[in-house]
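A structural walkthrough
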Amino acid sequence: DAGITQSPRHKVTETGTPVTLRCHQTENHRYMYWYRQDPGHGLRLIHYSYGVKDTDKGEVSDGYSVSRSKTEDFLLTLESATSSQTSVYFCAINDWDGPEAFFGQGTRLTVV
Amino acid sequence: AQKITQTQPGMFVQEKEAVTLDCTYDTSDQSYGLFWYKQPSSGEMIFLIYQGSYDEQNATEGRYSLNFQKARKSANLVISASQLGDSAMYFCAMREIGRNTPLVFGKGTRLSVIA
């Protein structure tokens with residue numbers, strides 16, 4: 001199994017508070033992604049990274065920011081959480097050695 | 001832009017029977033990959049099978065095969081000899097190969113296997 005760890009696995013937070021989710025990989029893969037999963041929507045891309053300090057926006061990036069200061073860590077920050085950001089968040093990684101992406105276990109975030 | 005369409009929100013299949021999950025896609029890319037992922041009730045995303053747009057043979061992985069029809073832009077997943085453990089959400093996805101663009105997912109199909 002690909003070495004991807006997401007933390008925390010579960011979090012409940014209040015509206016308006018900042019939240020940071022962490023994705024840590026031990027595979028030294030160049031590409032990292034953050035998705036959110038909501039019923040009826042599948043997985044939608046929030047942000048992705050194609051190298052240290054190189055990031056780009058995805059389909060649903062409003063209200064989110066990311067940072068990648070080292071290869072192994074990709075952080076997703078909700079600057080001021082809203083109830084619409086209640087979701088399951090997945091991190092994924094891949095590299096040139098194979099086409100498929102490997103996923104972390106997911107983080108269930110509830111904003112109350 | 002790439003788009004994946006899965007038109008079956010839910011499906012039922014009898015144990016030991018074969019089942020086909022539909023997936024159609026749209027892209028202007030010439031070199032792309034098609035993927036299927038399984039998400040059981042435990043929540044993890046499990047990679048099942050991959051088909052490259054230039055692959056002439058349909059991909060197979062054990063009981064999973066991908067019925068790739070390029071002209072119709074379809075990439076259906078066929079599961080043979082269904083098992084109770086196949087009950088899960090299944091997602092079709094695609095991305096451009098070569099530039100390593102992010103995966104684009106369909107909305108998924110929930111498969112229920114009945115004993």
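One structure accompanies this document, and this report is about it. (Residues numbered from 1 in each chain as written. Chains lettered and ligands numbered in written order. Predicted model: local features only at pLDDT ≥ 70, side-chain atom pairs only at ≥ 80, totals over all residues. Heavy atoms only, no water.)

A count of helical and extended segments in chain A gives 0 helices and 11 strands. What you see in chain A, going N to C, is helices and strands ordered as β-β-β-β-β-β-β-β-β-β-β. Scaling as 2.2 N^0.38, a compact globule of 112 residues should have a C-alpha radius of gyration of about 13 Å, and chain A matches this with 13 Å. The principal-axis extent of the C-alpha atoms belonging to chain A is close to 40 × 30 × 25 Å. Looking at chain A as a whole, 51% of its 112 residues are labelled buried. Look at the contacts in chain A between residues 6 or more apart in sequence, and 55% of them connect residues 24 or more apart. Surface exposure of chain A reaches about 5300 Å², of which carbon and sulfur atoms provide 47%. For chain A, the centre of its 11 positive side-chain charges and the centre of its 14 negative side-chain charges are spaced 5 Å apart. (Helix = DSSP H or I, 4+ residues; strand = E, 2+ residues; numbered from the N terminus. Rg over C-alpha atoms; globule rule 2.2 N^0.38 Å. Buried < 20%, exposed > 50% of the residue type's maximum accessible area, 1.4 Å probe, protein only. Contact = heavy atoms within 4.5 Å. Areas by Shrake-Rupley, 256 points an atom, 1.4 Å probe, with all protein chains shown as cover. Lys, Arg positive; Asp, Glu negative; His and termini not counted. Charge placed at Lys NZ, Arg CZ, Asp CG, Glu CD.)

So, on to the environment of Gln-37 of chain A. Structurally, Gln-37 of chain A can be placed in strand E4 (residues 31-38). It is 9.6 Å that separates the C-alpha atoms of Gln-37 of chain A and Arg-108 of chain A, two residues lying 71 residues apart in sequence. Those residues in contact with Gln-37 of chain A that sit more than four places away from it in its chain are Gly-42, Leu-43, Ser-87, Val-88 and Phe-90 of chain A together with Gln-39 and Phe-91 of chain B. At 2.7 Å, the side chain of Gln-37 of chain A forms a polar contact with the side chain of Gln-39 of chain B. (Polar contact = N/O pair within 3.5 Å; in protein donor to acceptor, adjacent residues only side chain to side chain.)

Looking now at the pattern of salt bridges. All names here are of chain A. All told, the structure shown has 6 salt bridges over all chains when counted by the stated rule. Taking the shortest distance from any N to any O, the salt bridge between Arg-22 and Asp-73 comes out at 3.1 Å. Placement of the pair is Arg-22 in strand E3 (residues 19-25) and Asp-73 in strand E8 (residues 73-78), with a sequence separation of 51 residues. For Arg-22, a relative accessible area of 34% gives the class partly exposed. Relative accessible area serves as the criterion here: at 7%, Asp-73 is assigned to the buried category. Linking Arg-44 and Asp-38 is a salt bridge whose minimum nitrogen-to-oxygen distance equals 2.9 Å. One exposure class covers both Arg-44 and Asp-38, and it is buried. Through salt bridges with shared partners, one network takes in Arg-22, Lys-70 and Asp-73. (Salt bridge = Lys/Arg side-chain N within 4 Å of Asp/Glu carboxyl O.)

Residues and elements named next belong to chain B. Core analysis: the largest hydrophobic core is formed by 25 residues, its most contacted members being Leu-21, Trp-36, Ile-49, Leu-77, Tyr-90 and Leu-111. Mapped onto this core, the elements with two or more residues apiece are strand E2 (10-14), strand E3 (19-21), strand E5 (32-39), strand E6 (46-52), strand E8 (64-69), strand E9 (74-79), strand E10 (88-96) and strand E12 (109-114). Per element, the largest residue contribution to this core is 4 residues, and it comes from E10. Ignoring sequence-local partners within four residues, the contact set of Leu-111 consists of Met-11, Val-13, Val-19, Leu-21, Ile-79, Asp-86, Ser-87, Ala-88 and Tyr-90. (Core = buried A, V, L, I, M, F, W, Y, C linked by side-chain atoms within 4.5 Å.)

Moving on, we come to the interface of chain B and chain A. Taken residue by residue, the interface counts 19 residues in chain B and 19 residues in chain A. Between chain B and chain A, a total of about 1500 Å² is buried, with carbon and sulfur atoms accounting for 61% of that surface. On inspection of chain B and its partner chain A, the count reaches 0 salt bridges. In this assembly, chain B and chain A are joined by 4 residue pairs in polar contact (both at pLDDT 80 or more). Looking at the side of chain B that touches chain A, the elements that each hand over two or more residues are E5, E6 and E10 of chain B. (Buried area = accessible area lost by both parts, 1.4 Å probe.)

In a disulfide, the sulfur atoms of two cysteines are held together by a covalent bond. Tallied over the full model, the rule gives 2 disulfides over all chains. For Cys-23 of chain A, the disulfide goes to Cys-91 of chain A, at an S-S distance of 1.9 Å. Here the S-S torsion is close to -70°, and the disulfide linking Cys-23 of chain A with Cys-91 of chain A is therefore left-handed. Taken together, the residues Cys-23 of chain A in strand E3 and Cys-91 of chain A in strand E9 (residues 87-95) connect sequence positions 68 residues apart. Per residue, the accessibility class of Cys-23 of chain A equals that of Cys-91 of chain A, and both read buried. The disulfide that involves Cys-23 of chain B links it to Cys-92 of chain B, with 2.0 Å between the sulfurs. Because the torsion about its S-S bond is -65°, the bridge between Cys-23 of chain B and Cys-92 of chain B counts as left-handed. With Cys-23 of chain B in the loop between E3 and strand E4 (24-26) and Cys-92 of chain B in strand E10, the pair connects residues that are 69 residues apart, well separated along the chain. Judged by its relative accessible area of 0%, Cys-23 of chain B is buried. In this structure Cys-92 of chain B comes out as buried when scored by relative accessible area, which is 0%. (Disulfide = S-S within 2.5 Å.)

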